[in-house]
Amino acid sequence: MVERWLSPEILKWQTESDSGWQVQDDLRSRSYEILAHAEQVLGQPTSELALVDVITSLRRAIDRRLRALNTLYSFRDIPIRDKPRDLLLLLESLGIIRSHMLQKLIDIRNPVEHEDVAPPDHEACKVFAEFTWYFLKSTDRMLREVTSSFVLNPAGDDEKYYGLGIEYVRKITGSHA
Amino acid sequence: MIIENCGTEWILLKLDELNTRAELAEILNRKDSPMKRNEHGRGKKSNDIYISGVVRGPASALTKLTQAYFSVI
């Protein structure tokens, strides 16, 4: 098979989505339903058990979203050697999320759920609920449309230069013209 | 921008196709296929080169291309 080598200069070119396909709404909506439940509980006078419910619900909303993303993008199949095994760290390495707050929520939820440890107070739970909302909002776009291909072009729209089209099929292929 | 031998950090493409635009058009016509590839892209002159292949590495380039993919979503 013929081999050619492309200059790493192309990695500095402008990127733009080229084609994609629409995703069904229900892949996004379930996490919001779970978040709405947590917010409803937080909106009422809360007991410690109610705050346990809030923390576990927020964790479920996030987990549901991570699963939905993984269903569409199969992050573990991305052909990068030595990528992080942990999904959160993998997503962070790809520039999709920041994992610190997510990890913090997971670290809090596990002893609350499994060891009957007291949940964070009402104010801290409100912060986690708001963070969960931001997390869902920041990943909504990835669940609206899946980009099938994108283009890399040098120097804006000047067509005297060649461009590069990349098709993303869980392994990366490239065409150049 | 494209070379035939390995350069440091240059991106390896295993080519499926390497044709001029005119050759590509002829191949697609022979297959009785409407022109589907690169219709909106660059390289519209008949002697412009169209190549297509699989990106094989290096790992750093694959990572950056994957990051570029997720940045356009």
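Refer to the structure above for everything that follows.
Here's the deal with the overall build of chain B
Secondary structure assignment for chain B yields 2 helices and 3 strands. Buried positions account for 23% of the 73 residues belonging to chain B. Relative to all contacts within chain B whose residues are 6 or more apart in sequence, the contacts with residues 24 or more apart total 76%.

So, the nonpolar core
Residue and element names in this part refer to chain A. Ala38, Val54, Ile55, Leu58, Ile62 and Cys125 are the most contacted members of the largest nonpolar core, which totals 22 residues. Contributions of two or more residues to this core are made by α1 (26-42), α2 (48-73), α4 (100-114) and α5 (122-144). Among the elements that take part in this core, α2 stands out by supplying 7 residues, more than any other. Discounting residues that sit within four places of it in the chain, leucine 58 has contacts with Ala38, Leu105, Phe128, Ala129 and Thr132. Counting 17 residues, the second largest nonpolar core, distinct from the first, contains Ile80, Leu152, Leu164 and Tyr168.

Brief notes about the environment of alanine 38 of chain A
Mapped onto the elements, alanine 38 of chain A comes out in helix α1. With residues near it in sequence (within four places) discarded, alanine 38 of chain A still touches Val54, Ser57, Leu58 and Ala129 of chain A.

A few points about helix α2 (residues 59-71) of chain B
Residues and elements named next belong to chain B. Counted at 1.5 Å a residue, the expected span for α2 with its 13 residues is 18 Å, and the 18 Å between its end C-alpha atoms agrees. What α2 keeps buried is the set Ala61, Leu62, Leu65, Thr66 and Tyr69. All buried residues of α2 lie within an arc of 135 degrees about the axis, which places them on one face of the element.

Conventions adopted
Residues numbered from 1 in each chain as written. Chains lettered and ligands numbered in written order. Predicted model: local features only at pLDDT ≥ 70, side-chain atom pairs only at ≥ 80, totals over all residues. Helix = DSSP H or I, 4+ residues; strand = E, 2+ residues; numbered from the N terminus. Buried ≥ 20, exposed ≤ 12 C-beta atoms within 10 Å, placed from the backbone. Contact = placed C-beta atoms within 7 Å. Core = buried A, V, L, I, M, F, W, Y, C linked by C-beta atoms within 7 Å. Expected span 1.5 Å × (residues − 1). Arc of directions from axis to C-beta.

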